[in-house]
Amino acid sequence: MSDDHDDYASAGYTGALEPGRRAALVVVDPVRAYVDPACGLYAGVEEPVERMRELTRAARAAGVHVAVTTMALSADGSNAGVFFRKVPALAAYLPGTSTGAFIAGLAPVDGDTLVPKQYPSAFFGTSLAADLVARGVDTLFIAGLSTSGCIRATATDAMQHGFVPIVVREAVGDRLPSVHDSKLFDIHAKIGEVWGIDRVLAHWSAA
């Protein structure tokens, strides 16, 4: 992996982003599908889920605004278009399914922003960007599931909307460690920053 870092550095992937003046935390799709072994989307992410709970509690205590996304599909999934046709496993999110419900301790609470979406990015077709701008947010910490899909898409769109994206390493997860690691590498190289949770908590405490 050090050779990979050296190769990217020699090519000019050396930029670093610093947090701005006001941050928010978005927790992407923290739903039961990823922790229910009977569901096809089960990803063995129980440890990242614990870190998500820790992170959201700390954010609220520090006055960092929290947004939580969920897949809001129509009864036949048609409002997710090509995405639903490509990934039939998204049926786990259909209305009335237990697997589409929030994981205990990760549902939005009063004062949070609920972001219904139909596609991987928390920004695509949603009001998240406008909500963040209205709150004066310039930095977005990102947690949730899964790293290769909705986390990478959300980090990319955060950057494209002008927010500094910081993915919290221990608070994201995916079904395959190799895929998870490669996407974090890619995010760090080209999109934003990847911070450990201890660094995030220390930053919020200092702020």
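Basis of the calculations
- Residues numbered from 1 in each chain as written.
- Predicted model: local features only at pLDDT ≥ 70, side-chain atom pairs only at ≥ 80, totals over all residues.
- Heavy atoms only, no water.
- Helix = DSSP H or I, 4+ residues; strand = E, 2+ residues; numbered from the N terminus.
- Contact = heavy atoms within 4.5 Å.
- Phe/Tyr/Trp six-rings, centres within 6.5 Å; stacked < 30°, edge-to-face > 60°.
- Buried < 20%, exposed > 50% of the residue type's maximum accessible area, 1.4 Å probe, protein only.
- Pairing = 2+ DSSP bridges.
- Axes fitted to C-alpha atoms, helices over the stretch in contact; angles between N-to-C directions.
- Salt bridge = Lys/Arg side-chain N within 4 Å of Asp/Glu carboxyl O.
- 1 Å grid on protein atoms, 1.4 Å probe; cavity = no way out; pocket = protein on both sides within 12 Å on 5 of 7 lines; lining within 4 Å.
- Points joined across faces, edges and corners; volume = space filled by probe spheres on them.
- Nonpolar A, V, L, I, M, F, W, Y, C, P; charged D, E, K, R; others polar.
- Core = buried A, V, L, I, M, F, W, Y, C linked by side-chain atoms within 4.5 Å.

S.K.: Can you tell me about the environment of Ala143, naming the residues and giving the values?
M.R.: The topology assignment puts Ala143 in strand 4 (residues 139-145). Put simply, Ala143 and Ile166 are 23 residues apart on the chain and 9.0 Å apart in space, counted from C-alpha to C-alpha. Beyond its immediate chain neighbours, meaning those up to four positions away, Ala143 contacts Leu25, Val26, Val27, Val28, Met52, Leu55, Ile151, Ala171 and Val172.

S.K.: A description of the packing of aromatic side chains should follow, citing residues and the corresponding values.
M.R.: Scanning the model with the defined rule gives 7 aromatic pairs in all. Aromatic pair Tyr8 and Tyr13: ring centres 5.1 Å apart, planes at 40 degrees, arrangement tilted. We classify Tyr8 as partly exposed; its relative accessible area is 24%. On the numbers, 5.3 Å between centres and 80 degrees between planes, the contact of Tyr119 with Phe124 is edge-to-face. Here Tyr119 falls in the partly exposed class, since its relative accessible area comes to 24%.

S.K.: Tell me about the sheet that holds strand 1 (residues 23-28), and please be specific about residues and values.
M.R.: The strand order 3-2-1-4-5-6 describes an open sheet built from 6 strands, whose pairing is parallel. Every other strand in the sheet has two partners, leaving strand 3 (113-117) and strand 6 (193-195) as the edge strands with one partner each. Between one strand and the next, the sheet's axes are offset by a mean angle of 25 degrees, whatever the strand orientation. This element, helix 2 (residues 46-62), spans strand 1, strand 2 (65-71), strand 4 and strand 5 (164-173) of the sheet and lies at about 135 degrees to strand 5. Along the sheet, helix 5 (residues 147-160) contacts strand 1, strand 3, strand 4 and strand 5; its crossing angle with strand 4, the most-contacted strand, is approximately 170 degrees.

S.K.: Residue-level account of the pattern of salt bridges, with values.
M.R.: If you walk through the whole model with that rule in mind, you get 8 salt bridges. Salt-bridge contacts for Arg51 lead to Glu54; the nearest nitrogen and oxygen are separated by 2.8 Å. Of the two residues, Arg51 and Glu54 both sit in helix 2, 3 residues apart, roughly one turn of that helix. When salt bridges that share partners are traced, they join Glu47, Arg51 and Glu54 into one network.

S.K.: Please provide a residue-by-residue account of the side chain of Thr70, values included.
M.R.: You can see Thr70 is positioned in strand 2. Among residues more than four places away in sequence, those in contact with Thr70 are Asp29, Val31, Gly100, Phe102, Leu114, Val115, Pro116 and Lys117.

S.K.: Pulling in residues and values, what's your account of the layout of surface pockets?
M.R.: Over the atoms, a rolling probe the size of a water molecule traces out where space has been left empty. Quantified by volume, the largest pocket comes out at close to 250 Å³. Forming the boundary of the largest pocket are 16 residues, of which Tyr34, Leu41, Val87, Ser146 and Gly149 lie nearest the centre. Counting residues per element, the lining of the largest pocket draws most heavily on helix 5, which supplies 3 residues. Class assignment for the residues of the lining of the largest pocket results in 10 nonpolar, 3 polar and 3 charged. When its volume is computed, the second largest pocket comes out at roughly 210 Å³.

S.K.: Explain the nonpolar core to me, using residue names and the numbers behind them.
M.R.: For soluble globular proteins, nonpolar side chains are generally found buried alongside one another. Leu25, Met52, Leu55, Tyr93, Phe141 and Trp204 are the most contacted members of the largest nonpolar core, which totals 39 residues. Those elements giving two or more residues to this core turn out to be strand 1, helix 2, strand 2, strand 4, strand 5 and helix 7 (197-206). Setting aside chain neighbours within four positions, we find Met52 in contact with Val27, Leu106, Ala143, Gly144, Leu145 and Ala171. In terms of nonpolar packing, the next biggest core, distinct from the first, is built from 24 residues, Val26, Val28, Ala122 and Leu140 among them.

S.K.: Let's hear about the environment of Val28: which residues, and what values?
M.R.: Within the secondary structure, Val28 sits in strand 1. Counting along the chain gives 167 residues from Val28 to Trp195, while the straight-line C-alpha distance between them is 17 Å. Sequence-distant contacts of Val28, that is, excluding residues within four places in its chain, are made with Thr69, Lys117, Ile142, Ala143, Gly144, Leu145, Cys150, Ile151 and Thr154.

S.K.: I'd like a rundown of the pairing of strand 3, residues and numbers included.
M.R.: Burial along strand 3 is one-sided: the residues Thr113, Val115 and Lys117 are buried and none of Leu114 and Pro116 is. As paired elements, strand 2 and strand 3 share 5 bridges and run parallel to each other. Looking across to strand 3, one finds that Met71 is bridged to Lys117.

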